[in-house]
Amino acid sequence: MKREASGDEAPDRVDTLLGARLAELRAERGWSLGELAERSGISRSTLSRAERAEVSPTASLLNRLCHVYGRTMSQLLSEVESEPAQLVRMAEQQVWEDRSSGFVRRSVSPPHAGLRAELVEGRLTAGADIAYDRPPVPGLEQHIWVLEGALDVTVQEAEHYLDAGDCLRMRVWGPTRFRCAGPGAVRYVLAVVLP
């Protein structure tokens, strides 16, 4: 039975998590709603409403989407069963270091299938220069807030100089570059939001 959320009725928790996961799967492939509609035979408006948890998806709709994404319904549902941790202690935050480039990355709020955003703390030593040829997900939204030091950010061909306290927001479609010209290190927060 299909449920339509009224203005004062909150969406079901599972529908919300499922909608977010479906949007994430589409974003991972770089597909627009129109492309997914062509592949699945489901209208763009229905797909959009399902991703926003405005409707409870039917078994038929989920079956079509599972076919397109190469998953069983059990696999898809298992991906949304667990709730993300509300509190992530600093000692539990995963830290990764690229010693060759002088980059340290702390996953402050790790990604989760049921959520679209995550926070990352980045640190670059003076002279560090990191270039990415493309985003992991096309159209990825990023906000960079410099806490200490200065950071040069190039988005496609546009160059931005960020000082302590400055914030740059962008949608990433192409190459990016992060440089710490010095004289000291830079520490910044990166908010990453899936499209």
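Everything below is about the structure shown above.
(A) Structural context of the pairing of strand β3 (residues 117-124). Direction of pairing for strand β2 (residues 103-109) relative to β3: antiparallel, over a ladder of six bridges. Note that in β3 the partner of Arg-106 across the bridge is Glu-121. Both β3 and strand β10 (residues 186-193) contribute to a ladder of eight bridges, which runs antiparallel. Note on β10: the bridge partner recorded for Arg-123 is Arg-187.

(B) Representation of the packing of aromatic side chains in the model. Evaluation of the coordinates by the stated rule reveals four aromatic pairs. Between Trp-31 and Tyr-69, the aromatic rings sit 5.9 Å apart at their centres with planes inclined by 15°, giving stacked as the arrangement. Taken together, the residues span a long stretch of sequence, with Trp-31 in the loop between α1 (13-29) and α2 (33-40) and Tyr-69 in helix α4 (residues 59-69) at a distance of 38 residues. Residue class for Trp-31 comes out buried when judged on its relative accessible area of 14%. Assessed through its relative accessible area of 5%, Tyr-69 is described here as buried. Ring centres 6.1 Å apart and planes at 15° place the aromatic pair Phe-178 and Tyr-188 in the stacked group. Within this pair, whereas Phe-178 is found in strand β9 (residues 176-179), its partner Tyr-188 is found in strand β10, the two being separated by 10 residues in sequence. Judged by its relative accessible area of 6%, Phe-178 is buried. When its relative accessible area of 4% is taken as the criterion, Tyr-188 is described as buried. Against the face of Trp-31 rests Arg-29, its NZ or CZ located 5.8 Å from the ring centre.

(C) Quick look at the side chain of Glu-121. Assignment of secondary structure puts Glu-121 in strand β3. A polar atom in the side chain of Glu-121 sits 3.0 Å from the side chain of Arg-187.

(D) Structural context of the pattern of salt bridges. Per the stated rule, a full pass over the model turns up 13 salt bridges. Between Arg-29 and Glu-28 there is a salt bridge whose closest N-O contact spans 3.8 Å. Accessibility expressed as a relative area gives 31% for Arg-29, which makes it partly exposed.

(E) Main features of the sheet that holds strand β6 (residues 150-155). Read across the sheet, four strands follow the order β4-β9-β6-β7 without closing on themselves; strand pairing throughout is antiparallel. The outermost strands of the open sheet, each flanked by one partner alone, are β4 (129-132) and β7 (158-163). If you compare each strand with its neighbour and ignore which way they point, the axes differ by 15° on average. Two strands pair when backbone bridges link them, and β4 and β9 are joined in this way by four bridges, in the antiparallel orientation. The residue bridging Ile-130 from the neighbouring strand is Phe-178, located in β9.

What counts and how
Residues numbered from 1 in each chain as written. Predicted model: local features only at pLDDT ≥ 70, side-chain atom pairs only at ≥ 80, totals over all residues. Heavy atoms only, no water. Pairing = 2+ DSSP bridges. Helix = DSSP H or I, 4+ residues; strand = E, 2+ residues; numbered from the N terminus. Phe/Tyr/Trp six-rings, centres within 6.5 Å; stacked < 30°, edge-to-face > 60°. Buried < 20%, exposed > 50% of the residue type's maximum accessible area, 1.4 Å probe, protein only. Lys NZ or Arg CZ within 6 Å of the ring centre and 35° of its normal. Polar contact = N/O pair within 3.5 Å; in protein donor to acceptor, adjacent residues only side chain to side chain. Salt bridge = Lys/Arg side-chain N within 4 Å of Asp/Glu carboxyl O. Axes fitted to C-alpha atoms, helices over the stretch in contact; angles between N-to-C directions.

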